[in-house]
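Structural features, examined
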Amino acid sequence: AMNTYAVLWTYTADAEQVARHRDSHMQYIKSLAAEGAIVEGGAWRDGSGALIIFRAGDREQLQGYLDADPFTTEDVIVATQIHEWVAAIGPIARI
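Report follows, based on the coordinates. (Residues numbered from 1 in each chain as written. Predicted model: local features only at pLDDT ≥ 70, side-chain atom pairs only at ≥ 80, totals over all residues. Heavy atoms only, no water.)

**Brief notes about the nonpolar core**
Counting 21 residues, the largest nonpolar core has Trp9, Tyr11, Phe54 and Leu62 as the members making the most contacts within it. Elements represented by at least two residues in this core include exactly β1 (3-11), α1 (15-34), β3 (49-56), α2 (59-67) and β4 (77-84). Ignoring any residue separated from it by four or fewer positions in sequence, one finds Leu62 in contact with Tyr5, Val7, Phe54, Ala56 and Ile82. (Core = buried A, V, L, I, M, F, W, Y, C linked by side-chain atoms within 4.5 Å. Buried < 20%, exposed > 50% of the residue type's maximum accessible area, 1.4 Å probe, protein only. Helix = DSSP H or I, 4+ residues; strand = E, 2+ residues; numbered from the N terminus. Contact = heavy atoms within 4.5 Å.)

This is the structure we're talking about:
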């Protein structure tokens, strides 16, 4: 069974560092979305971080996705919150 996780990221205040790695991060995120590991996601309007909704078999699989993200390997993400999430309303609830 797959679990749903809400992942909240806080980015470094160094906007140049974020911009420098954005393309590789987006390429990676889009590949995860294409394989169904990400169902929604996007940055906060102020650019301070993001919310991504992941589907994974367990926390270990999720951590593997997070660890391989260029924003992780290049220290763009300075804080991560992970919550196992039970969607009650909307399209994600029907997955």
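**Let's talk about the side chain of His25**
With respect to the secondary-structure elements, His25 resides in helix α1. When residues no more than four places from it in sequence are discounted, the contact partners of His25 are Trp9, Tyr11, Asp69, Pro70 and Phe71.

**Observations regarding α2**
Among the residues of α2, those classed as buried are Leu62, Tyr65 and Leu66. Looking straight down α2, one finds its buried side chains confined to an arc of 95 degrees; they lie on one side. The secondary structure elements touched by the buried residues of α2 are β1, α1, β3, α3 (70-73) and β4. (Arc of directions from axis to C-beta.)

**Digging into the sheet that holds strand β2 (residues 38-43)**
The strands making up a sheet are joined through hydrogen bonds of the backbone, oriented either antiparallel or parallel. Taking strand neighbours across the sheet as the criterion, the four strands line up as β2-β3-β1-β4 in an open arrangement whose pairing is antiparallel. Looking at the sheet topology across the chains shown, the edges are occupied by β2 and β4. Neighbouring strand axes in the sheet, compared pairwise and without regard to direction, differ in orientation by 15 degrees on average. As paired elements, β2 and β3 share five bridges and run antiparallel to each other. Counted as the bridge partner of Glu40 is Ile53 from β3. Contacting β1, β3 and β4, α2 crosses the sheet at an angle of about 135 degrees to β3. (Pairing = 2+ DSSP bridges. Axes fitted to C-alpha atoms, helices over the stretch in contact; angles between N-to-C directions.)

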